[in-house]
Structure formats: C-alpha cells, structure tokens
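Next come the chains, spelled out residue by residue.
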Amino acid sequence: MAAATDRRNVLIVDDHEPTRLLIGRIVTQELGARVTLAGTCEEALRQTEQTPYDVILLDLLMPGIGGYEVLRLIREQGANRATPILVVSVMSNHESRERCRLLGATAFVAKPVDRELVTTMLRSLLGPRQADKPQPENGAAQHDRGR
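Residues numbered from 1 in each chain as written. Predicted model: local features only at pLDDT ≥ 70, side-chain atom pairs only at ≥ 80, totals over all residues. Heavy atoms only, no water.

1. Things to note about the sheet that holds strand β3 (residues 55-58)
Phase 1: Spatial strand order, β2-β1-β3-β4-β5: 5 strands in an open sheet with parallel pairing. On the outer flanks of this sheet lie β2 (34-38) and β5 (107-110), each paired with one strand and no other. Across this sheet, the average inter-strand angle for adjacent strands is 20°, counted without regard to direction.
Phase 2: Note that strand β1 (residues 9-13) and β2 share 5 bridges and pair parallel. Paired with V13 across the strands is A38, a residue of β2. (Pairing = 2+ DSSP bridges. Helix = DSSP H or I, 4+ residues; strand = E, 2+ residues; numbered from the N terminus. Axes fitted to C-alpha atoms, helices over the stretch in contact; angles between N-to-C directions.)

What follows is the structure in structure tokens.
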C-alpha cells in the first residue's frame, strides 16, 4: 500500500450533495485518492487558493458565481493554474463544452455520472504516481546527460 504522502489529492466541486458524495466514493474506492468536497463556488475558490490538487472535478450549474467563473478563476491562480480540471455537468451541449475548453478545462463528462468513464478519465488525467514510475538505474541519468 502506498504511503499517505503518495495519495493523490482530488477536489470535487458540486452543489448537489448526493452527486458530490457519489463522485467522492468513486474517487476513493477506485483510485485510493484523498478527497476534498466543496459544495459552493466560494468554498471551491478558498480550497484552490490554499491547496494544490492533482485533479479538480467541477460542476457548471452552481449557485453564486457559477462553474464557468470558478473555472476561469482557478486558471488565473498560481497553485492550481495547471491542475487538470474535469468538468462533470448536465450541460453537455457543444457550446458548453467549447466554452469550458476555452476557459481551460482539461476534459468533460456529462451527467449522470458513469463510474467507469469517470474512473478511466481520472486515471488518464492523473497518470502514474511518482512511486509507480520506473526509476533509472544508478548513474543512468548522469550518463544520459553527457550525450
């Protein structure tokens, strides 16, 4: 089992508690990640200002400033500017997907949430953990630099 420091850190932003909890269970059960839940746009922005995440899942239809604005603001902040953002929303028409892409979303999944699809997309976005990556043999890195 991986050490606690090897666990991925995932933020789930959705105002609908049952969906937030469902996605949280998927992430912890399938990926063993540490999950932070945010039920409001303001809470999501506070979290992203304080903590760097490995991936963020974001709903668009949120009260307050809304998911599009949260996406835009996250992309302007330092800590999570380059963090993959998977939009999970019922708004899945071409215009919504294109607007998300232009604002910096990495990927898009339509609701209702499909466990297999979300798991596959998250694995792709997260890539292998550092501990899972093959390490060069002693001296290999130095040898390659000399070429």
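2. Structural notes on the nonpolar core
Phase 1: Counting 20 residues, the largest nonpolar core has V13, I56, V70, I85, V87 and C100 as the members making the most contacts within it.
Phase 2: Elements with a contribution of two residues or more to this core: β1, α2 (41-50), β3, α3 (67-76) and β4 (85-89).
Phase 3: Here the element with the most residues in this core is α3; it accounts for 4 residues.
Phase 4: Those residues within four positions of I56 in sequence are excluded, and the remaining contacts are L11, V13, T48, I74, N80, T83, P84, I85 and L86.
Phase 5: Membership of the second largest hydrophobic core comes to 16 residues, among which are V27, A33, V88 and V113. (Core = buried A, V, L, I, M, F, W, Y, C linked by side-chain atoms within 4.5 Å. Buried < 20%, exposed > 50% of the residue type's maximum accessible area, 1.4 Å probe, protein only. Contact = heavy atoms within 4.5 Å.)

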